[in-house]
Amino acid sequence: ETPPAHPKKKIHRHKTALVRREISKPVKTLLELGQLRRGESFFDYGCGYGGDVEAIRRLGHESGGWDPVHAPDSTKQTADVVNLGFVLNVIEDPAERVEALLDAWKLSRRALLVSTLIAGQEAYDDIRTFGDGVITSRDTFQKFFDPAEIQSLIEDTLHTEAVPVGLGIYLVFRDTADLHDFLASRSRRFIDWESLS
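**Looking at the overall build of the protein chain**
- Across its full length, the protein chain carries six helices and nine strands.
- Taking the intrachain contacts of the protein chain between residues at least 6 apart in sequence as the baseline, contacts between residues at least 24 apart amount to 62%.

Here is the structure:
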């Protein structure tokens, strides 16, 4: 008699969504860098409970979000800036990660903000290896990317440069002129003439 086949591990992606009391680090970084300009729209791809969507709306921007579990009836819509925040690291299928990245990119008119967990940020007591990541005690999947690995995934998939703007946070511009303007603005040094005199 053959032993019973092990059922495929059920992964609960919906349990990874966080209830946020403040704007997420990637979106805060986007705002600090001045990359959500006055009058621009924002779309959160994989918005979870929608904390960032609400915060950006309160700042006066047209803001929407979609999530396969928490906001499945929302429509995916184009926006000037699309956020793909901590989505790729909860998808256990590498091919599906590429699909999500391409889908989010298609929706972005000016820039795509991508963020993932980075190797070294693992803070789970009880984890089991699964595919190229781990299963947590809550049966959620997490992939901790090496910075070079996530940058390569973005650049190889979208065929354009991804600019690191924080730990595990990347900005991808649709137009190379925007990319060059952004890089130039970051390389200008701020000189505090008061302290020098």
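Having seen the structure, we can now continue with the description.
**With respect to the sheet that holds strand E9 (residues 169-173)**
- The sheet built from six strands is open, its strands ordered E2-E1-E3-E4-E9-E8 with mixed pairing. Of all the strands in the sheet, just strand E2 (63-66) and strand E8 (162-166) have a single pairing partner and so form its edges. Across the sheet, the mean angle separating the axes of adjacent strands is 20 degrees when strand polarity is ignored.
- As judged from the four bridges shared by E8 and E9, these two strands associate in the antiparallel manner. When the sheet's bridge partners are listed, Gly166 is paired in E9 with Ile169.
- Taken strand by strand, helix H2 (residues 51-58) contacts strand E1 (42-45), E2 and strand E3 (79-85), and its axis lies near 170 degrees from that of E2.

**Quick word on the pairing of E2**
- Burial along E2 is two-sided: the face carrying Ser63 and Gly65 and the face carrying Gly64 and Trp66 are both buried.
- Between the parallel pair E1 and E2, the chain is carried across by H2, and the sense of this crossover is right-handed.

**Considering the packing of aromatic side chains**
- Enumeration over the complete set of coordinates arrives at three aromatic pairs.
- When the ring of Tyr45 is compared with that of Trp66, the centres are 5.2 Å apart and the planes differ by 55 degrees; the resulting orientation is tilted. Remark: Trp66 occurs in strand E2 and Tyr45 occurs in strand E1; sequence separation between them is 21 residues.
- Judged by centre distance (6.2 Å) and plane angle (75 degrees), the rings of Phe130 and Phe141 are edge-to-face. Pair noted here: Phe130 is in strand E5 (residues 128-130) and Phe141 is in strand E7 (residues 141-142), with a separation of 11 residues, a long-range link.
- Under the relative-accessibility criterion, Phe141 is labelled buried at 0%.
- Here Lys143 stacks its cationic end above the ring of Phe145, 4.8 Å away from the centre of that ring.

**Re the environment of Ile127**
- You can see Ile127 is positioned in the loop between strand E4 (108-115) and E5.
- Look at Ile127 and you get partly exposed, because its relative accessible area is 34%.
- When the C-alpha atoms of Ile127 and Thr140 are compared, they prove to be 9.8 Å apart, with 13 residues separating the residues in sequence.
- Not counting chain neighbours up to four residues away, the residues in contact with Ile127 comprise Val134, Ile135 and Thr136.

**Some thoughts on unusual backbone geometry**
- Residues other than glycine seldom take positive phi values, yet Phe86 does so here, at roughly 55 degrees.
- Following the sequence through the fold, Phe86 ends up in the loop between E3 and helix H3 (94-107).
- We classify Phe86 as partly exposed; its relative accessible area is 27%.
- Of note in this structure, His159 is not a glycine but carries a positive phi near 55 degrees.
- Residue position: His159 is located in the loop between helix H4 (147-158) and E8.
- Residue His159 is classed as exposed on the basis of its relative accessible area of 69%.

Rules behind the numbers
- Residues numbered from 1 in each chain as written.
- Predicted model: local features only at pLDDT ≥ 70, side-chain atom pairs only at ≥ 80, totals over all residues.
- Heavy atoms only, no water.
- Helix = DSSP H or I, 4+ residues; strand = E, 2+ residues; numbered from the N terminus.
- Contact = heavy atoms within 4.5 Å.
- Pairing = 2+ DSSP bridges.
- Axes fitted to C-alpha atoms, helices over the stretch in contact; angles between N-to-C directions.
- Buried < 20%, exposed > 50% of the residue type's maximum accessible area, 1.4 Å probe, protein only.
- Right-handed = clockwise from strand over helix to strand, strands pointing away.
- Phe/Tyr/Trp six-rings, centres within 6.5 Å; stacked < 30°, edge-to-face > 60°.
- Lys NZ or Arg CZ within 6 Å of the ring centre and 35° of its normal.

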